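# Commentary on secondary and tertiary structure
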2 protein chains.
Amino acid sequence: MSERRSGEGQPDKTLALLWRNHRQPAADELVDRAARKRGAGRRPSLNVDDVVRTGIQLADDQGLAAASMGGLAKELGVGTMTLYTYVPSKDELLDLMVDQVLGERELPGPGEARPEDWRDQVEIYSEQTRAMFQRHLWLSQVSTIRPPVGPGMLAGREYLLSALLGLGLGALETNTAALAVTTYVDSAASLEAESRLVERATGQTNDAWWYERNDLWETYFDVDRHPAMTAIWHADGYQSSTREAAADSYRYGLDRLLDGIQSMKPQ
Amino acid sequence: MSERRSGEGQPDKTLALLWRNHRQPAADELVDRAARKRGAGRRPSLNVDDVVRTGIQLADDQGLAAASMGGLAKELGVGTMTLYTYVPSKDELLDLMVDQVLGERELPGPGEARPEDWRDQVEIYSEQTRAMFQRHLWLSQVSTIRPPVGPGMLAGREYLLSALLGLGLGALETNTAALAVTTYVDSAASLEAESRLVERATGQTNDAWWYERNDLWETYFDVDRHPAMTAIWHADGYQSSTREAAADSYRYGLDRLLDGIQSMKPQ
DNA sequence: CGAATTCTCGTAGGGTATACGAGAATTAAT
DNA sequence: ATTAATTCTCGTATACCCTACGAGAATTCG
């Protein structure tokens with residue numbers, strides 16, 4: 001995890017930005033400056049989407065740290081402070097970046113074609129979410145405790161709930177189950193991404209990292225204190241590749257979790 | 001998620017520090033400076049444990065950011081650079097802090113009394129891990145992709161594997177299942193801790209945060225695009241308290257995951 | 001008493017987000 | 001054609017972070 005992301009000043013402003021491209025007619029309030037009837041004043045040289053898009057690209061290509069306000073401004077060819085005309089703060093920009101990529105997942109909307117089996121539907125959520133994390137490794141460094149309440153996040157929750165509703169559990173249990181599934185899927189996908197990120201940042205595979213610590217087994221590992229690990233070792237229970245072990249355990253855990261949920265189905 | 005933690009220079013040095021209090025007789029190498037036969041030279045005014053303990057305390061009380069090298073030095077009444085006599089870098093200090101608190105979990109060792117049922121044994125792992133995260137909220141901000149390979153981490157893995165071995169699955173499946181369980185338990189516990197951390201840092205409960213965004217439902221939420229959410233809402237499927245919803249989903253998910261694993265038992 | 005050893009820590013450098021306020025560009029009104 | 005109103009632009013300054021380097025202080029051994 002990460003550190004910041006918290007003290008947003010005006011929720012109204014933030015919501016307006018998040019939903020800027022899904023304009024509900026609503027209200028007499030002016031939602032986006034770009035939409036305002038243009039009157040006096042200097043013309044803007046950018047718009048919010050430019051900033052968000054560039055932020056995502058920079059974070060994808062060079063890591064989240066490269067998507068600093070200074071770095072972004074340089075990339076866009078403007079002064080750092082100019083960005084604050086378009087987004088109120090770095091935190092809110094991050095919210096916008098996150099909701100944007102959450103919305104990129106291709107999840108069938110209401111009324112659109114989808115597999116019959118609820119498990120296959122959950123599978124789509126799982127695969128799309130994993131793919132999203134792989135495309136945008138920096139997501140693993142962003143806290144999701146207070147997620148951007150935008151169209152992308154809502155579409156994800158909607159889809160997963162709709163999939164689980166197919167099981168016929170009660171409303172409350174369906175919601176609880178959906179939370180458990182997102183916790184597992186999102187966390188595992190995040191760990192997977194973080195793993196690649198670390199490999200990229202250090203130029204060292206995780207396997208190589210473990211290999212470097214071989215001393216552990218010879219010098220410090222005490223067989224008597226670790227009989228279970230020793231037993232599994234001798235029974236060839238450890239896979240050679242860290243990556244494969246992680247992928248297998250992800251699959252296995254998701255399948256077992258869904259097994260368990262399925263077994264709660266009335267009848 | 002967090003940013004750093006990576007390029008440790010010498011794995012040997014790091015391992016020696018991590019295992020400094022579990023001295024294997026081993027080797028002719030001098031493991032800890034404090035253990036060296038004292039000869040000439042100025043006397044140290046601190047030791048590694050002092051630094052680690054103070055780091056944990058500071059992070060507990062005032063957040064991980066307060067456990068900066070500067071902050072720590074001030075707390076200990078020494079110059080910042082003095083700390084580098086005891087730990088090679090901030091990253092390694094963090095490793096030491098993490099392994100220390102991992103080791104605080106009260107998990108029965110080999111030969112010690114434990115519940116009969118394997119599920120009750122996993123329960124202990126789950127509860128001790130959650131309690132650890134609650135005591136040390138900053139853990140949720142530390143990456144565990146390349147964990148400190150010290151006594152605390154190994155004890156945790158050993159215990160969970162020993163619990164799952166009771167099921168009678170094969171070695172490989174036991175290991176895979178253990179990875180899935182730690183992924184779920186550690187991630188959920190981390191999210192729970194992160195949630196409290198954010199509440200503390202912002203002085204605003206998560207419920208209050210959601211309440212502040214009530215506009216969403218009136219202004220932007222489109223019922224036609226979100227039929228599942230709408231249905232669950234009308235069936236009272238949403239709990240009023242974010243915290244309780246999270247706790248319930250944690251319980252539910254863990255129980256279902258263990259159900260699913262249990263069902264793989266041969267026979 | 002000198003030499004060897006070890007711990008102590010000031011300085012300097014390159015990074016971060018953003019409050020403030022002056023200046024530039026554009027249009028509407030006179 | 002001015003002038004006023006409006007809006008965007010962005011330099012500067014502040015207060016943090018980690019740690020390489022190297023000089024100085026403390027201690028013991030010969």
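Now for a description of the structure that goes with this document. (Residues numbered from 1 in each chain as written. Chains lettered and ligands numbered in written order. Predicted model: local features only at pLDDT ≥ 70, side-chain atom pairs only at ≥ 80, totals over all residues.)

## A closer look at the overall build of chain A
What chain A contains, in helices and strands, is 11 helices and 0 strands. Put simply, chain A runs from its N terminus to its C terminus through helices and strands in the order α-α-α-α-α-α-α-α-α-α-α. By its C-alpha atoms, chain A is 80 × 55 × 30 Å across when sized along the principal axes. Considering chain A as a whole, with its 267 residues, one finds that 39% of them fall into the buried category. When contacts within chain A are restricted to residue pairs at least 6 apart in sequence, those whose partners lie at least 24 apart make up 71%. (Helix = DSSP H or I, 4+ residues; strand = E, 2+ residues; numbered from the N terminus. Buried ≥ 20, exposed ≤ 12 C-beta atoms within 10 Å, placed from the backbone. Contact = placed C-beta atoms within 7 Å.)

## Considering the protein's contact with DNA strand D
Lining the immediate surroundings of DNA strand D are 25 residues, of which Gly41(A), Arg42(A), Ser45(A), Gly79(A) and Met81(A) lie closest. Listing elements by their share of the surface near DNA strand D, those giving two or more residues are helix H3 (69-76) and helix H4 (90-102) of chain B. Per element, the largest residue contribution to the surface near DNA strand D is 3 residues, and it comes from H3(B). Among the residues making up the surface near DNA strand D, the classes are represented as 7 nonpolar, 12 polar and 6 charged. (Near = placed C-beta within 6 Å. Nonpolar A, V, L, I, M, F, W, Y, C, P; charged D, E, K, R; others polar.)

## Thoughts on the environment of Asp99(A)
Residues and elements named next belong to chain A. Examined against the element boundaries, Asp-99 turns out to sit in helix H4 (residues 90-104). On the neighbour-count criterion, Asp-99 (22 C-beta atoms within 10 Å) is buried. If near-sequence neighbours (up to four positions away) are discounted, Asp-99 is found in contact with Leu-18, Pro-148, Gly-150, Pro-151, Gly-152 and Met-153.

## Some points on helix H1 (residues 11-18) of chain B
Restricting attention to buried positions, one finds in H1(B) the residues Thr14(B), Leu15(B), Leu17(B) and Leu18(B). In an axial view of H1(B), the angular spread of the buried residues amounts to 160°, which keeps them on one side of the axis. The inward-facing, buried residues of H1(B) abut helix H9 (215-220) of chain A together with helix H2 (48-62) and H4 of chain B. (Arc of directions from axis to C-beta.)

## So, the protein's contact with DNA strand C
Neighbouring residues of DNA strand C: 25 residues in total, closest Gly41(B), Arg42(B), Ser45(B), Gly79(B) and Met81(B). At the level of elements, helix H3 (69-76) and H4 of chain A are the ones that each hand at least two residues to the surface near DNA strand C. Tallying contributions element by element places H3(A) first for the surface near DNA strand C, with 3 residues.

## Side note on the interface of chain A and chain B
Opposite the 74 residues of chain A that make contact, chain B presents 73 residues. Among the secondary structure elements, those contributing two or more residues to the side of chain A that touches chain B are helix H1 (11-18), helix H6 (151-165), helix H7 (171-202), helix H8 (206-212), H9, helix H10 (227-234) and helix H11 (242-262) of chain A. Counting residues per element, the side of chain A that touches chain B draws most heavily on H7(A), at 18 residues. In terms of residue class, the side of chain A that touches chain B is made up of 37 nonpolar, 23 polar and 14 charged.

## Focus on the relation of the copies chain A and chain B
Between the two copies, chain A and chain B, the superposition gives an RMSD of 0.1 Å; the rotation angle is 180° and the shift along the axis is 0.0 Å. The symmetry that links the two subunits is that of a two-fold axis. (Least-squares fit on C-alpha atoms with pLDDT ≥ 70 in both.)

## Notes on the nonpolar core
For soluble globular proteins, the rule of thumb is that nonpolar side chains tend to be buried together. In terms of nonpolar packing, the biggest core is built from 123 residues, with Val181(A) and Val181(B) touching the most fellow members. When residues no more than four places from it in sequence are discounted, the contact partners of Val181(A) are Val122(A), Leu160(A) and Leu257(A). (Core = buried A, V, L, I, M, F, W, Y, C linked by C-beta atoms within 7 Å.)

## Focus on H6(A)
Between its first and last C-alpha, H6(A) extends 21 Å over 15 residues, near the 21 Å set by a 1.5 Å rise per residue. The buried count for H6(A) comes to 12 of 15 residues, which makes it a mostly enclosed element. Structurally, H6(A) contributes buried residues whose contacts are with H4, helix H5 (118-135) and H7 of chain A together with helix H10 (227-234) of chain B. (Expected span 1.5 Å × (residues − 1).)

## Some words on unusual backbone geometry
Residues and elements named next belong to chain A. One non-glycine residue with positive phi stands out, namely Asp-236, at about 60°. Inspection of the secondary structure assignment puts Asp-236 in the loop between H10 and H11. The exposed category is assigned to Asp-236, around which 12 C-beta atoms lie within 10 Å.

## So, the environment of Pro151(A)
Residues and elements named next belong to chain A. Locating Pro-151 in the fold gives a position in helix H6. C-alpha of Pro-151 to C-alpha of Gln-100: the two residues are 51 residues apart in sequence and 8.4 Å apart in space. When residues no more than four places from it in sequence are discounted, the contact partners of Pro-151 are Trp-19, His-22, Asp-99 and Gly-103.

## A look at the packing of H4(B) against helix H6 (residues 151-165) of chain B
Residues and elements named next belong to chain B. At their nearest, the axes of H4 and H6 sit 7 Å apart, and the two run at 40° to each other. In terms of orientation, H4 and H6 fall into the oblique class. With respect to the hand of their crossing, H4 and H6 are arranged in left-handed fashion. Residues Asp-99, Gln-100 and Leu-102 of H4 form the contact with H6, whose own contacting residues are Pro-151, Gly-152, Met-153 and Gly-156. (Axes fitted to C-alpha atoms, helices over the stretch in contact; angles between N-to-C directions. Parallel < 35°, antiparallel > 145°, perpendicular 65-115°, else oblique. Left-handed = near helix turned anticlockwise from the far one by under 90°.)

## Here we look at the packing of helix H2 (residues 48-62) of chain A against H4(A)
Residue and element names in this part refer to chain A. One can describe the packing of H2 onto H4 by two numbers: an axis separation of 9 Å at closest approach and a directional angle of 80°. As the angle between them shows, H2 and H4 are arranged roughly perpendicular. Judged by residue contacts, Val-51, Val-52, Gly-55, Ile-56 and Ala-59 of H2 engage Leu-93, Leu-96, Met-97, Gln-100 and Val-101 from H4.

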